[in-house]
Amino acid sequence: MIGGAPGGRALSAPIMGRADEPTVFELSSPGRSAWSFRTTGVPEWTAEELVPAAHLRTKPLALPEVSERDLVGHVTRLSARQYSVDLGAYPLGSCTMKYNPKLCDDAAGLAGLAGAHPSAPAALTQGWLELLADLAARLCAVTGMHAATLQPPAGAAGELTGLLLMRAWHRDQGSRRTKVIIPDSAHGTNPASVTLGGYRTVTVPSDTRGCVDVAALRERLDDDVAGIMLTNPNTLGLFEEDIAEIAAAVHDVGGLLYYDGANLNAILGVTRPGDMGFDIVHMNLHKTFAVPHGGGGPGAGPVAVSERLAPYLPGPLPVARDDGTWEWSTPSRSIGRVHSWHGNALALARAYSYILANGGDGLRKVAEAAVLNANWLRHRLRATYDIPYDRPSMHEFVASAATLKHTAGVKALDVAKRLLDEGFHAPTVYFPLIVEEALMIEPTETESPQTMEALAQALERIAASPEGAAAAPRSTPVGRVDEALAARRLIPTWDARPSESAAPE
Amino acid sequence: MGHFVPHTDAEIADMLAFLGLSSTEELFAVVPAALRLAGGLDMAPGLSEADVAAEMGRLAAANAVFPQLVCFAGGGVYDHDVPAATRSLTFRSEFVTAYTPYQPEVAQGVLQVIFEYQTMIARLAGLEVANASLYDGASALVEGVNLAVAASGRPSVWLSRGVNPSWRAVLATFAQGSGHQLVDVPLVDGCTAWPADGQAGAVVVQHPNYLGCLEDLAEARAVADRAGALLVVASDPVSTGLLHSPGVFGADVVVGEGQPFGTPMSFGGPLLGLFACRLAHVRRLPGRLVGQTRDVEGRLAYVTTLRTREQDIRREKASSNVCTNQTLIAVACAIQLSWLGTGGLRELALRCARGARYAREALLAVDGVEPLVPAPVLREFAVRTPLPAATVVERMADEGFLAGIPVPAEYGDGLLVAVTERRTRAEIDQFAAAFEKVVR
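Residues numbered from 1 in each chain as written. Chains lettered and ligands numbered in written order. Predicted model: local features only at pLDDT ≥ 70, side-chain atom pairs only at ≥ 80, totals over all residues. Heavy atoms only, no water.

Remarks on the overall build of chain A
Within chain A, the regular secondary structure consists of 17 helices and twelve strands. By the compact-globule yardstick of 23 Å for 505 residues, chain A fits well, its C-alpha radius of gyration being 26 Å. Looking at chain A residue by residue over its 505 residues, the buried ones come to 66%. Residue pairs at least 24 apart in sequence account for 68% of intrachain contacts in chain A once pairs closer than 6 positions are excluded. Carbon and sulfur atoms form 52% of the exposed surface of chain A, whose accessible area is close to 16,300 Å². One finds the centroid of the 44 positive side-chain charges in chain A at a distance of 3 Å from the centroid of its 56 negative side-chain charges. (Helix = DSSP H or I, 4+ residues; strand = E, 2+ residues; numbered from the N terminus. Rg over C-alpha atoms; globule rule 2.2 N^0.38 Å. Buried < 20%, exposed > 50% of the residue type's maximum accessible area, 1.4 Å probe, protein only. Contact = heavy atoms within 4.5 Å. Areas by Shrake-Rupley, 256 points an atom, 1.4 Å probe, with all protein chains shown as cover. Lys, Arg positive; Asp, Glu negative; His and termini not counted. Charge placed at Lys NZ, Arg CZ, Asp CG, Glu CD.)

This is the structure we're talking about:
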C-alpha cells in the first residue's frame, strides 16, 4: 500500500460479497482532507491572540482525515447495507413504516423554510407561523380536540408533555394524584413517561377479547388516579368498543383520559379521540402523516387537548391578530417550554404538505386501505399462523409463532430473520408482551395487494419449510448478529477496549 | 382522493369479498355507531402535487431568509455552511426512509454510521461513551441532569444562569414531574459565581456560556466535588476544535447541540441533542446505544446494545422514555465531522472566533454600544445597545440583517450576536454601518 495509508481505496466489496466496510477511522490517512471554507476577508488572528492559553487545546482533536471521495465512497457503500421503505415493504406493527411522498421532501427543503432562524421576529416569519397554526388547526380537526402544541419533538416527548398537563390541571383543581393506569399491552414509552411525569404506574389487564378488562379497571379507579393512558385501536390492533364506558368511569373519579396516538392512522376520518371522551391526545406525525423515520428519527409528537386543558399548553403558540397577521402567544397557565424552540419544524412542514395533498377525503382513504390490508392479511394467514385475537382488526394485527415453535422449534425471531431472506423487512417481534412469540404485522395503506400477496406467500413458505430457520438470514450484508456478545463485551466506540465488566444485569 | 393508496376499485372489491364484506364502511363495524364521524373530516379535499408545492412555496416566501436577511443570531442555532457532500449523502433515501434498526442484519448502514458518530462525539466531549442522539440540546440537558441526580442520589441541581435560558426553561418544565430542585446560580461579570458550600446532585455549567463567555471548568469540577455532585457541562461542540474538551477538566456528562454540524437552521428543528458520559454511567445512559459485535460467522457487525436500559424493556423502571431520537441528524453530523476532519474542525472554530472578534470590535466602535460582559469570548458575544435590543432587531431587519437575539431581562438589556464562518468581512462591515444608522 502506497505510504501505508489505508484510505482512498474505491472498491465495491461490501455490496459484492459480504466483506466488511472499514470504519471511517480506518480509512483515515494523516494529512488528507475534504474541507474548504469560503473566502471572508476577516483578519486572520491566531488562536493565541483570540483565546486565553488556559482554554486552548494542546492536542489536536482526532477526527477522520479523508478526502471527499473517500467519504462519499464510504457512506454510499454503507447505504447499500441498509433496508428502507423506499427499497421494500416494512410491515413493522406499532411503528407504522409506510411510503412517504417525495413532494414532502421538497417542501421541507424549501430555502424559505429550512433557512429561517427560530429567533427571528414573528413579522419576519409569517409563513412559518401560518403553517404551524394551520397544521395545529387541522390536527385538532382530525382528533376532535380544541387546541394543540407542536413543540414535542417525538411521540414519547408528547406523552410526557401530556402527563405534565394532567399534573398541572389536577394541581389547579386542588388535587395531588399519584397514579396513572396503563393497559398491560401498552407501549414501553407509556410507563416510562408516567414515571418521569412523577406518577406511579398501575397496570390494568386485557380481557380474553384483547381489550381493557372494564371490571378490572373499575377495581383500580379511586380518587388517587390522575388518569388513564390508552390507544384506540389498542396495541393488538383492536378497537376498544367499550371506550365510552371507560371514559365515563375514569371521568367519574375525576381522572383524565390520555390518548396515545400511535395508532391514529387507523381511524382518520372514521372517528376521533375527542368524540370518544379523551382529554389529551398525542400524535406521531411520522406514523400517521408523512415524516420518514430516518433510521430512528426525527419524528414529531404534537399534543392536542380539550378546551379545559388548553390554558396549560406549552408555548408560545402562533395566534392570529385581528388584521390576519400572526404573532406568538403563551397560554395563561402554560406548563412551560418542552423544546428549545418550536419543535421539529421541518418534520411539521412535511406532515403539513401531506395533509394538504390528502385532504379530508384522502385521509379517510388512508384509514380504509390500512384497515383493509391488515384484515386481508390476517384472514389470509389464519390457516398458517396462530392469530390469538382472531376478530376484525384495525390497521394491524398480532400473529403468533407459538405453534410453530412447539412443533418445529421455529421462534418468532427465526420467522423474522427468514423474512429478511425473502426480501421483506420483518414485523415487530415479541411485542405486545402479553402474546407469546408475537409477530405484530402492519402492512400500511401504501402497499399494493400484490405486495400483500407476496408477503403472505413468503410467510407461508417459512411455516411450510421450517428447517434451517435458526441459520437465517443468509442473504443479508451480515449473518445473524450476536446481540448478547455486544452487551457482554461492550464496544461503544472505535476507541474502546472490550470491557467484560459491562456484563448484563 | 388520496394520491398515495395504490389499490384499484376492482382490487378493493376483491379484497372485501375475501373478507365477506360488501363495503369499506363494514371494515369499521367495530366502531360503535355513536362514535362514527358523520360526514367525514371538516377539511377541504386533497390537492394535486403541483398545488401543494405552490402553497408550500407561498408559505416559504413569507419568511425572510438569506440573502434577504443576513443572520447574526445564534443562541443555540447557528448559520453554518452545509457542504454539498453532507447534504447529498444525508438525504440518500436508504438513510431517510429506514426505521429504528430493530433488525441489525439489514441495518448495518445506519448502525455503523451511528457507531462512528458515537466515537466522534465521545472524542469531542473527551469522554468514553456517547449515545445515538437526543432531540435537541435542551433534551440532552434534561437527560444529563436526570442521570446525575440518579447517580448521586441528590435531587438538588445547581444550574448556572450561563446555561441557555430556553434549555433551562425546558429543564424547569420537566422538573415538575421529576421533582428535581433547581437552584439558580447567578453570573458575575459573565461567569458563574458558585455557592461556597452546600450539597447538590448535579452542578451544571455551559461552556462557552449563553453570553459567549469562557467558564472556568476546573473550578466547576472543584465545586461539584465539594457538593458531592456530578459535573454536567453543556458544551458548544464547534468550540472543541480549539478549546480543551470538557472531559479534560473532569466532566461526568457532556451535552450539547449538534445542529452546527451539517443541519440548516430549520426554524429551530429538527436539532440534534449530543450526549456523552463516563463509562461508569453507561447503565443510566438515555436513549439508544450502538455497539460493535460479531455475526455467527465471526464478521464484524453493529447492533443496538444494553437494551435492558431502555423503555421498551425496562418500562416504568427505565431511566429515560426516549424512543424515537434524531438518527438522521446524527448521520448528517457524522458525515460533516468526517468532512471537516481534525484540521477542518479547528479551522471552523478559529474562523468563528475571528469573525466574532472582528464583529465585536466593529460594534463596540459604534457610539453608545458597550460590552454587556467583559469576559473573553469565542463565537458569540453580548452588547448593550443605546436602544432596547428588540427595537434594534426590528430596525436592523429593514437594513437586511437579523441582528441577534435580545437576551432575557435576567441578563440586563442586551443583544446576543453570533458570527459563523459564513459571515464575510464585507457583511460584518455593512452590519456595523447599519447598526450605527439604526441606533443613532
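Some words on the interface of chain A and chain B
Opposite the 203 residues of chain A that make contact, chain B presents 186 residues. A combined buried area of about 16,600 Å² lies between chain A and chain B, and 65% of that area is made up of carbon and sulfur atoms. Among the ionic pairs, Arg123(B) bridges to Asp495(A), the shortest N-O distance being 2.6 Å. Viewed at the interface, chain B and chain A are joined by 88 residue pairs in polar contact (both at pLDDT 80 or more). (Buried area = accessible area lost by both parts, 1.4 Å probe. Salt bridge = Lys/Arg side-chain N within 4 Å of Asp/Glu carboxyl O. Polar contact = N/O pair within 3.5 Å; in protein donor to acceptor, adjacent residues only side chain to side chain.)

Structural notes on the side chain of Glu445(A)
As for its placement among the helices and strands, Glu445(A) is situated in the loop between β12 (438–441) and α16 (449–464). Judged by relative accessible area, Glu445(A) falls into the buried class, the value being 2%. At 3.1 Å, the side chain of Glu445(A) forms a polar contact with the side chain of Lys98(A). Setting aside residues no more than four positions away along its own chain, Glu445(A) makes contact with Lys98(A), Tyr354(A), Val366(A), Ala369(A), Ala370(A), Asn373(A), Phe4(B), Val5(B), Pro6(B) and His7(B).

Some remarks on the packing of aromatic side chains
All names here are of chain B. By the definition in use, this model includes 15 aromatic pairs over all chains. Judged by centre distance (6.1 Å) and plane angle (55°), the rings of phenylalanine 72 and phenylalanine 401 are tilted. Taken together, the residues phenylalanine 72 in the loop between β1 (70–71) and α3 (84–90) and phenylalanine 401 in strand β15 (residues 401–402) connect sequence positions 329 residues apart. With a centroid separation of 5.9 Å and 45° between ring planes, the pair formed by tyrosine 99 and tyrosine 102 is classed as tilted. Grouped by ring-pair contacts, the aromatic residues Phe72, Phe401, Phe431 and Phe435 constitute a single cluster. Sitting above the plane of the tyrosine 78 ring, arginine 379 keeps its charged end 3.8 Å from the centroid. Over the aromatic face of phenylalanine 72 sits the side chain of arginine 423, whose NZ or CZ is 5.9 Å from the ring centroid. (Phe/Tyr/Trp six-rings, centres within 6.5 Å; stacked < 30°, edge-to-face > 60°. Lys NZ or Arg CZ within 6 Å of the ring centre and 35° of its normal.)

Considerations on the side chain of Asp136(B)
Mapped onto the secondary structure, Asp136(B) falls in the loop between β2 (129–130) and α6 (137–152). No salt bridge is formed by the buried Asp136(B). Its closest oppositely charged neighbour is Arg337(A), at 7.6 Å. Polar contacts involving the side chain of Asp136(B) include one to the main-chain amide nitrogen of Ser139(B), which spans 2.7 Å. Beyond its immediate stretch of four places on either side in the chain, Asp136(B) contacts His339(A), Ser340(A), Glu257(B), Leu271(B), Leu272(B) and Gly273(B).

What to know about the sheet that holds strand β8 (residues 230–235) of chain B
Hydrogen bonds between backbone atoms are what pair the strands of a sheet, whose relative direction is either parallel or antiparallel. All names here are of chain B. With mixed pairing, the seven strands of this open sheet are ordered in space as β2-β10-β9-β8-β7-β3-β4. At either margin of the open sheet sits one strand with a lone partner, and together these are β2 and β4 (181–185). Here three bridges tie strand β3 (residues 156–160) to strand β7 (residues 202–207), and the two strands are oriented parallel to one another. Looking at the pairing, leucine 159 lines up with valine 204 of β7. Along the sheet, helix α7 (residues 165–178) makes contact with β3, β4, β7, β8 and β9 (253–257), crossing β4 at roughly 155°. (Pairing = 2+ DSSP bridges. Axes fitted to C-alpha atoms, helices over the stretch in contact; angles between N-to-C directions.)

Some thoughts on helix α10 (residues 243–252) of chain A
Residue and element names in this part refer to chain A. For α10, the complete set of buried residues consists of Ile243, Ile246, Ala247, Ala249 and Val250. Viewed end-on, α10 has its buried residues packed into an arc of 165°, placing them on one side of the element. Taken from the residues just after α10, glycine 254 is the one with a positive phi, measuring 85°. (Arc of directions from axis to C-beta.)

Observations concerning the sheet that holds strand β10 (residues 397–400) of chain A
Residues and elements named next belong to chain A. With respect to topology, three strands assemble into an open sheet ordered β10-β12-β11, the strand pairing being antiparallel. If you trace the sheet from one side to the other, it starts and ends with β10 and β11 (428–429), each paired once. As paired strands, β10 and β12 are joined by four bridges and run antiparallel to one another. Note on β12: the bridge partner recorded for valine 398 is methionine 440. Packing of helix α13 (residues 345–381) onto the sheet brings it into contact with β10 and β12, and relative to β10 it is tilted by some 20°.

Considering the environment of Thr39(A)
Residue and element names in this part refer to chain A. Note that threonine 39 resides in the loop between α1 (24–27) and α2 (47–50). Taking the relative accessible area as the measure of exposure, threonine 39 reaches 75% and is therefore exposed. Sequence separation between threonine 39 and asparagine 284 is 245 residues; the distance between their C-alpha atoms is 43 Å.

What to know about unusual backbone geometry
Gly315(A) connects to Pro316(A) through a cis peptide bond whose omega is 5°. Mapped onto the fold, Pro316(A) is located in the loop between β7 (303–305) and β8 (317–320). In this chain, Gly269(B) is followed by Pro270(B) through a cis amide linkage whose omega measures 0°. Structurally, Pro270(B) can be placed in the loop between β9 and β10 (273–277). Even without being a glycine, Tyr430(A) presents a positive backbone phi close to 60°. By the element assignment, Tyr430(A) lies in the loop between β11 and β12. A positive phi is found at Phe267(B), a non-glycine position, where the angle reads about 55°. Along the chain, Phe267(B) falls in the loop between β9 and β10.

So, the state of the cysteines
Applying the stated criterion across every chain yields a total of zero disulfides over all chains. The thiol of Cys323(B) is unpaired, and the distance to the nearest cysteine sulfur, on Cys95(A), comes to 7.0 Å. (Disulfide = S-S within 2.5 Å.)

Regarding the pairing of strand β2 (residues 179–183) of chain A
All names here are of chain A. Taken across its five residues, β2 has five buried, putting it largely inside the fold. Every second residue of β2 is oriented toward a common face, with Lys179, Ile181 and Pro183 on one face and Val180 and Ile182 on the other, all of them buried. In the sheet, β2 pairs with strand β3 (residues 200–204) via five bridges, with the strands oriented parallel. Residue pairing in the sheet places valine 180 in a bridge with threonine 201 of β3.

A short note on the pairing of β3(B)
Regular strands show a simple pattern: their side chains alternate between the two faces of the sheet. All names here are of chain B. Most of β3 sits inside the fold, with five of its five residues counted as buried. What you see with β3 is no split at all: Ser156, Trp158 and Ser160 on one side and Val157 and Leu159 on the other are buried throughout. Where β3 meets β4, five bridges bridge the pair, whose relative direction is parallel. Residue serine 156 lies in a different strand from β4, and its bridge partner there is glutamine 181.

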